[in-house]
Amino acid sequence: PIKWIVLEKQEDRMLVISEYILDCQQYNTEHKDFTWETCSLRKWLNNSFVIYAFSESERNRIATVTITNEDNAEYGTDGGNDTQDKVFILSISEAKKYFSFEKARCAPTGYAKSRGVYVENSYSLWWLRSPGKEQTESSLVFFDGKKITDGIEFESDYLVDSFEVGVRPAMWIDISATN
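Residues numbered from 1 in each chain as written. Predicted model: local features only at pLDDT ≥ 70, side-chain atom pairs only at ≥ 80, totals over all residues. Heavy atoms only, no water.

Per the stated rule, a full pass over the model turns up 8 aromatic pairs. Both rings, one in Phe99 and one in Trp126, keep their centres 5.9 Å apart while their planes meet at 75°; by these two values the pair is edge-to-face. Of this pair, Phe99 sits in the loop between helix H3 (92-98) and helix H4 (101-104) while Trp126 is found in strand E9 (residues 126-131), placing the two residues 27 residues apart along the sequence. When its relative accessible area of 0% is taken as the criterion, Trp126 is described as buried. Within the aromatic cluster, the residues linked to one another by ring pairs are Trp4, Trp44, Phe49 and Phe54. (Phe/Tyr/Trp six-rings, centres within 6.5 Å; stacked < 30°, edge-to-face > 60°. Helix = DSSP H or I, 4+ residues; strand = E, 2+ residues; numbered from the N terminus. Buried < 20%, exposed > 50% of the residue type's maximum accessible area, 1.4 Å probe, protein only.)

In structure tokens, the structure reads:
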């Protein structure tokens with residue numbers, strides 16, 4: 001079973017993120033310019049992951065929401081078009097909103113470790129959907145919850161086809177429906 005952290009609750013829905021890094025996936029399978037809209041991680045989360053991780057009744061409670069894909073505030077790198085997703089990963093601004101540095105640290109599951117996620121002092125790197133300094137780089141949360149190289153606390157550039165970065169899925173759950 002997946003453990004979830006509630007980040008925000010509204011009248012009829014709540015935003016959740018996995019407590020642990022669940023898998024190790026490339027942000028994009030090709031090293032080329034990308035946006036969240038066009039990356040392979042988005043396709044994996046909204047297809048394979050959602051199908052294998054949830055029953056049909058659970059999938060029906062995951063809301064399809066508009067995801068705002070902001071430009072990188074530090075560098076102006078294009079965030080791309082907004083998307084409609086059931087499952088996504090947080091942006092830089094969302095990570096800052098919901099996590100302090102200490103709370104941003106995240107441990108991987110045994111499965112993520114077996115898939116090759118980078119681990120240091122029991123914590124791993126995890127992807128954010130915001131672009132990095134260049135259009136071929138993505139932002140991430142470092143293993144200690146702090147930045148790596150630039151001025152945005154939770155953000156650092158990382159090549160999109162890197163294998164060792166973890167994934168913490170997030171989603172809005174409809175809590176108005178009854179089982």
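Past the structure itself, the notes keep going.
At Asn121, a position not held by glycine, the phi torsion is positive, near 50°. For Asn121, the position within the fold is in the loop between strand E7 (119-120) and strand E8 (123-124). Under the relative-accessibility criterion, Asn121 is labelled exposed at 59%. Positive phi, normally seen in glycine, also occurs at Ser122, with a value near 75°. Among the structural elements, Ser122 can be located in the loop between E7 and E8. Look at Ser122 and you get exposed, because its relative accessible area is 54%.

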